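Survey of secondary and tertiary structure
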Amino acid sequence: MQVHRVAAFTENGTGGNPAGVVLADVLPDPATMQRIAAEVGYSETAFAALSGDVWLTRYYSPETEVPFCGHATVALGAVLAQEKGPGRYRLSLANGEIEVEASMKDGTGHAILRSLPTRNAPAPEPLVEEALRIFRYTRDELDDSLPPRLMNAGAEHLLLALKTRELLGAMRYDLEEGRTFMLHHGLVTVAFVWREARELFHARNAFASGGVMEDPATGAAAAALAGMLRDRGILTRGELTILQGADMGRPSRIVVRYDLPVGGPVHVSGAAARIG
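Being a predicted model, the structure only gives us computed values, none of them experimental.

Right, let's get into unusual backbone geometry. In this chain, Leu260 is followed by Pro261 through a cis amide linkage whose omega measures 15°. Along the chain, Pro261 falls in the loop between strand 16 (252-258) and strand 17 (267-274). At Asp106, a position not held by glycine, the phi torsion is positive, near 55°. Assessed through its relative accessible area of 77%, Asp106 is described here as exposed. We note that Arg136 has phi near 65°; this positive angle belongs to a residue other than glycine. Its place among the elements puts Arg136 in the loop between helix 3 (125-135) and strand 10 (149-152).

Below, the structure written as structure tokens:
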């Protein structure tokens, strides 16, 4: 079974978040997908098999199945564009259907994914306090203009906005403690952001729930962030840029286009490059 290795959300052809992509005649059984994802070792591997005109798609981290993964979807789009040709591909996930529009230009893959519907809610105070303790931040280091939220565009994330770029760069935690915390509360990542400008954010995403300390680019969290900002009326329509991965030496760029209606899907785009 061939595993394609692709870096998604690259910045000027470098960096990005590595993902595995497997195109199969039929989806392997869950145990096989889990084993392959562990062997690949990237934060996620996407498995896809054509059924009629829809690609059945599942995502696995090295330790568990993930309901939705943005960077692996962009990587999948790049592989589909190269293997099957440019176009729009419908993807049937475990919890809904999305679409990815994929193309190739000068050997670089480009993909735009349409997310699942978005939702968000205030983060309960005990959850925030526990997160602050685990990640070694204090309440006065949070950005009061963006209070903590639970946000979702196919996967659940806890958003914590910080006051400065320096605070974002200082993010640290114990992997085992973070894993227990995220799995207990049903979180895929804890998303830390610093807002540089109205539609420009810097982000770091702790992904202990999947056995990974940090993701260099997290399309699912980017979609959830844009949806949350739109749904709360902070932004109405436009294009959000999220820079991530610089603190890991893998600079990544994620662009999210959002519009009304509230709760509707958003469109996440990025470049992708083959690894090796």
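Picking up where we left off.
Turning our attention to the packing of aromatic side chains. Counted under the stated rule, the structure contains 5 aromatic pairs. Judged by centre distance (6.1 Å) and plane angle (85°), the ring pair of Phe47 and Tyr60 falls under edge-to-face. Of this pair, Phe47 sits in strand 3 (residues 45-51) while Tyr60 sits in strand 4 (residues 54-60); the two residues are 13 residues apart in sequence, bridging distant segments of the chain. Of the two residues, Phe47 and Tyr60, neither departs from the other in class, the shared state being buried. Relative to Phe68, the ring of Tyr59 has its centre 6.2 Å away and its plane inclined at 85°; by these criteria the two rings are edge-to-face. Residue classification places Tyr59 among the buried residues on the basis of a relative accessible area of 1%. One aromatic cluster in this structure is built from Phe135, Tyr137, Tyr173 and Phe192.

Attention shifts here to the pairing of strand 3. Side-chain positions along a regular strand alternate between the two faces of the sheet. The element strand 3 is extensively covered by neighbouring structure, given that 5 of its 7 residues are classed as buried. Pairing between strand 2 (residues 17-24) and strand 3: 5 bridges, direction parallel. Following the sheet pairing, Leu23 is matched in strand 3 by Ala48. Crossover handedness for the path strand 2 to helix 1 (residues 30-40) to strand 3: right-handed. Here 7 bridges tie strand 3 to strand 4, and the two strands are oriented antiparallel to one another. Bridged to Ala46 within strand 4 is Tyr59.

What follows deals with the environment of Leu23. Here Leu23 is to be found in strand 2. Sequence-distant contacts of Leu23, that is, excluding residues within four places in its chain, are made with Ala48, Trp55, Leu76, Val79, Leu80 and Glu83.

Definitions and cut-offs
Residues numbered from 1 in each chain as written. Predicted model: local features only at pLDDT ≥ 70, side-chain atom pairs only at ≥ 80, totals over all residues. Heavy atoms only, no water. Helix = DSSP H or I, 4+ residues; strand = E, 2+ residues; numbered from the N terminus. Buried < 20%, exposed > 50% of the residue type's maximum accessible area, 1.4 Å probe, protein only. Phe/Tyr/Trp six-rings, centres within 6.5 Å; stacked < 30°, edge-to-face > 60°. Pairing = 2+ DSSP bridges. Right-handed = clockwise from strand over helix to strand, strands pointing away. Contact = heavy atoms within 4.5 Å.

By themselves, these are just geometric observations and shouldn't be taken as functional.
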